[in-house]
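As a plain string of letters, each chain reads:
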Amino acid sequence: MNQDVSILVLSCDTYEDIIGPFFILKERYWSDCPYKTYISTETKEFSQATTLTHNYTLNRWTRRIKESLMDIDSKYVILMDSDFYIRQPVDQKRIDYCIESFDCDTATFSFELEYAPTYPSKKDGFRLKPNKSPYLCSCQPSIWDREKLISLLQKDMNPWQWERQIIDTPFKHYVNSGNVIIDIGYYLPNGKKHWYGVRKGKWVEDDVVELFKKENIGIDFSKRGFYK
């Protein structure tokens, strides 16, 4: 197991029912994952990963992530959400490339596909996000220098505030300009984005029903209902 990298899955007690499918699909499409996995919740323990429990409110989302990261000792961390349902084999070679390409000036490699504005970089398959631009911090799958990520979580914010904040950073934030690295259903075959997994606490019907049927995952959708 690679001790330099870990995975932190962000969840909460009320999302207990969506965590099972996450780990089923992670095992199916990332069976050779060489990293220790942690899951961050408030009080409930989960058998699929090492559970980190911290108090949580939406407006203190950043604080709970920071507290969870401080419980981890790996140099790098891959940030995921518990409704990031993997549906194609993970590109482990490109993740390995990211790890090898970190230097003291690098904060993150975002696996999200690039969007303007970006600049060319010397990293194969990645471009640079400009300083003082929104979404330098992204909730999409990404690999971070853990200590640099902690430094960007000092103010209490919800996820949307954290993503949209304008920060003046001395570190480089790279974004994927190649193929999808971890396919969570965010992109349609034509490259357009669409809702996936869970939205505002409800299942996204046109994503998960077909996915779970294909993957033979049984879920009682009535407990959570569908987003309208």
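All residue numbers refer to positions counted from 1 along the written sequence of the respective chain. Only residues with pLDDT of 70 or above have their local features reported here, since the model is predicted, and side-chain atom pairs are shown and tallied only from 80 upward, although totals for entire chains, interfaces and linings are computed over all residues. Excluded from the side-chain calculations are hydrogens and water; all other atoms, namely the structure's heavy atoms, are used.

What about the overall build of the protein?
The helix and strand labels rest on DSSP assignments: H or I over at least four residues marks a helix, E over at least two residues marks a strand, and numbering proceeds from the N terminus. Each helix and strand counted, the protein has six helices and ten strands in total. Here the C-alpha atoms of the protein give a radius of gyration of 17 Å, agreeing with the 17 Å that 2.2 N^0.38 yields for 228 residues. For the protein, the C-alpha atoms occupy an extent of roughly 45 × 40 × 35 Å along the three principal directions. Accessibility here uses a 1.4 Å probe with only protein chains present; expressed as a share of the type maximum, an area under 20% marks a residue as buried, one over 50% as exposed, and anything in between as partly exposed. Relative to its 228 residues, the protein shows a buried fraction of 54%. Residues count as neighbours in contact if any of their non-hydrogen atoms are within 4.5 Å of one another. Pairs at least 24 residues apart make up 72% of the contacts formed inside the protein by residues separated by at least 6 positions. Of the roughly 11400 Å² of accessible surface on the protein, a fraction of 49% belongs to carbon and sulfur atoms. Only C-alpha atoms enter the radius of gyration; for comparison, a globular chain is expected to reach 2.2 Å times N to the power 0.38, where N is the number of residues. Shrake-Rupley sampling with a 1.4 Å probe provides the accessible areas, and residues are treated as covered by the protein chains on show and by no other component.

Quick notes on the state of the cysteines
Joining two cysteines, a disulfide is a covalent bond between their sulfur atoms. The definition used for a disulfide is geometric: two cysteine sulfur atoms within 2.5 Å. Counted by the stated rule, this structure contains zero disulfides. In this model C12 remains outside any disulfide bridge; the closest cysteine sulfur is found in C139, 14 Å from its own. On the basis of relative accessibility, which here comes to 10%, the residue C12 falls in the buried class. Between C139, a free cysteine, and C137, which holds the nearest cysteine sulfur, the sulfur-to-sulfur gap is 8.7 Å.

Quick word on the side chain of T37
One can find T37 in strand β2 (residues 36–41). On the accessibility criterion, T37 (10% relative accessible area) is buried. For T37, the contacting residues outside a window of four places in its chain are I7, V9, F23, K26, A49 and T50.

As for the nonpolar core
Core analysis: the biggest nonpolar cluster contains 46 residues, and W30, I95, I143 and I182 have the highest contact counts within it. For this core, the secondary structure elements donating two or more residues are β1 (5–10), α1 (16–29), β4 (76–81), α3 (92–101), β5 (106–113), β6 (126–128) and α6 (205–214). Among the elements that take part in this core, α1 stands out by supplying six residues, more than any other. Aside from chain neighbours lying at most four places away, what touches I95 is W30, Y35, I78, V90, F111, I181 and I182. Among buried residues, those of type Ala, Val, Leu, Ile, Met, Phe, Trp, Tyr and Cys that are joined through side-chain atoms within 4.5 Å constitute a nonpolar core. Of all hydrophobic cores here, the second largest spans 22 residues; its members include L10, A107, I150 and L153.

Remarks on the sheet that holds strand β8 (residues 172–176)
With respect to topology, eight strands assemble into an open sheet ordered β3-β2-β1-β4-β7-β5-β8-β6, the strand pairing being mixed. The strands lining the two open edges of the sheet, one partner per strand, are β3 (50–53) and β6. Sheet twist, expressed as the average angle between the axes of neighbouring strands with direction ignored, equals 25°. Strand pairing follows a simple DSSP-based rule, namely that at least 2 bridges must link the two strands. Two elements, β5 and strand β7 (residues 142–145), share three bridges in a ladder whose sense is antiparallel. Bridging from a neighbouring strand, F109 pairs with I143 of β7. In this analysis, axes come from line fits to C-alpha atoms, helices being fitted only over the stretch in contact, and the angle between any two N-to-C directions falls in the range 0 to 180 degrees. Where α1 meets the sheet, it contacts β1, β2 and β4, and its direction lies at approximately 165° from that of β2. On top of the sheet, helix α2 (residues 61–70) reaches β1, β2, β3 and β4; it is set at about 150° to β1, its chief contact.

Let's talk about the packing of aromatic side chains
Any Phe, Tyr or Trp ring, taking Trp's six-membered ring, that has another such ring centre within 6.5 Å forms a pair; planes under 30 degrees apart are called stacked, those over 60 apart edge-to-face, and the others tilted. For the structure on display, the rule yields 18 aromatic pairs. Each ring, one from F22 and one from F23, has its centre 5.0 Å from the other, and the planes form 85°; the classification is edge-to-face. Each member of the pair F22 and F23 is classed as buried. Ring geometry for W203 against F221: centres 5.7 Å apart, planes inclined by 90°, an arrangement best described as edge-to-face. Of the two residues, W203 sits in strand β10 (residues 202–203) while F221 sits in the segment after α6, which places them 18 residues apart along the sequence. Of the residues examined, W203 reaches a relative accessible area of 0% and is grouped as buried. Two limits define a charge over a ring: the Lys NZ or Arg CZ must be within 6 Å of the ring centre, and within 35 degrees of the ring normal. Over the face of the ring belonging to W30 we find K26, whose NZ or CZ atom lies 5.8 Å from the ring centre. Geometry around F171 places K148 over its ring, the cationic atom sitting 4.8 Å from the centre.

That is the geometry; function is a separate question.
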